[in-house]
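For reference, the chains in residue letters:
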Amino acid sequence: MKYLKSSNWIYMVLILPLLTADGVLAVMLSRNHPLVVALILGVLAFAWVKIIGKFSHLPYKKRAYSDLEKIDLDIPSEWAVEVYASPRMAEYDFLTRIVELISPMSFGGKPAAVAVNPEVLKKEGKTFMQIAVMREIERYARRIPVKLFALIALPVTLFIGVILFFFNYHQMLTSYFNLAALNLLLPFALMLLFLLSLFFWNSRISRYDTLLDTAMLKYFSKHEVIEYVKRMEMLMEKGDKEKSKVFNEHFLSSRVRKIEEYRKK
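Residues numbered from 1 in each chain as written. Predicted model: local features only at pLDDT ≥ 70, side-chain atom pairs only at ≥ 80, totals over all residues. Heavy atoms only, no water.

A word on the sheet that holds strand E3 (residues 99-102)
Ordered by their spatial adjacency, four strands build an open sheet running E1-E2-E4-E3, and the pairing between neighbours is mixed. Where the open sheet ends on each side, the last strands, each with one partner, are strand E1 (69-70) and E3. Pairing geometry for strand E2 (residues 81-85) and strand E4 (residues 112-116), over five bridges, is parallel. Note on E4: the bridge partner recorded for Glu82 is Ala113. Sheet contacts for helix H4 (residues 126-141): E2, E3 and E4; angle to E3, the most-contacted strand, approximately 40 degrees. (Pairing = 2+ DSSP bridges. Helix = DSSP H or I, 4+ residues; strand = E, 2+ residues; numbered from the N terminus. Contact = heavy atoms within 4.5 Å. Axes fitted to C-alpha atoms, helices over the stretch in contact; angles between N-to-C directions.)

Notes on helix H2 (residues 34-56)
With 23 residues, H2 should reach 33 Å at 1.5 Å per residue; the first-to-last C-alpha distance of 33 Å fits that figure. Inspection of H2 places Val37, Ile40, Leu44, Ala47, Ile51, Phe55 and Ser56 among the buried residues, and these make up the whole buried set. (Expected span 1.5 Å × (residues − 1). Buried < 20%, exposed > 50% of the residue type's maximum accessible area, 1.4 Å probe, protein only.)

Points about helix H1 (residues 8-29)
Along its 22 residues, H1 runs 32 Å from first to last C-alpha, staying within 8% of the 32 Å computed at 1.5 Å per residue. Listed as buried for H1 are Asn8, Ile10, Tyr11, Met12, Leu14, Ile15, Leu16, Asp22, Gly23, Leu25, Ala26 and Val27.

What to know about the pattern of salt bridges
What the rule picks out here adds up to nine salt bridges. When the shortest N-O distance is used, the salt bridge between Asp209 and Arg135 registers 3.4 Å. Of this pair, Asp209 sits in helix H7 (residues 179-215) while Arg135 sits in helix H4, and the two are 74 residues apart along the sequence. The burial state of Asp209 is the same as that of Arg135; both residues are buried. For Arg142, the salt bridge identified is with Glu138, shortest N-O distance 3.2 Å. The class for Arg142 is partly exposed, based on a relative accessible area of 30%. (Salt bridge = Lys/Arg side-chain N within 4 Å of Asp/Glu carboxyl O.)

Observations concerning the pairing of E3
The alternating pattern of E3 places Val99 and Leu101 and Glu100 and Ile102 on opposite faces, both of which are buried. Pairing between E3 and E4: four bridges, direction antiparallel. Bridging from a neighbouring strand, Leu101 pairs with Val114 of E4.

Structure follows, in structure tokens:
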């Protein structure tokens, strides 16, 4: 059996240095206004505390699942995991909490705890939940959540940092670059790059979904995986607007087609 390694620290490494750099640039920009500087430093300190608190345990601390009950779901995984039923996950139906891998800062060489929604297990069946748990384990082991977080957090913090740097060193920059280019082309270029990063982030979500779908074919039949994908889409589309449903149906058809066309090597 293999033991999962925590990814929590990676979130902090990704966000805290750039967030601090943005804070320093904001303080420099406001250095003639002591009250504003104090406010910025207070917000920065608060952000540090909240970020460390949030990413120390994902998605929540284990004690938040005070009602965990160990179950035998017969997961066909090489990773050391223990599966628990958590009635608390079924308290609010609109949240659609199905499976959550409880991640502390360190697993300490112990099996990872995976919490599942007992109501969904009862309604959808054992095979559905086995696939859901296996996908969550593989998703975590491949550090997919971290990669998707990076694709959003890094462009946002860099975007803010570049703007703050521009205002801090505007006079110096204008001595090297054309004023019109700085004032007009730079904002346009930044916005274009930001929109491209969002597009890339969205395409990666689709790619990772396909990757996990095909990874499940190592343990389950094509029919079982396709049924899981269809049922999961129905569970997740509650309250979606009509336009979103059309897009989701297109995405679902694409995923199903790729599963059907997949050939094991």
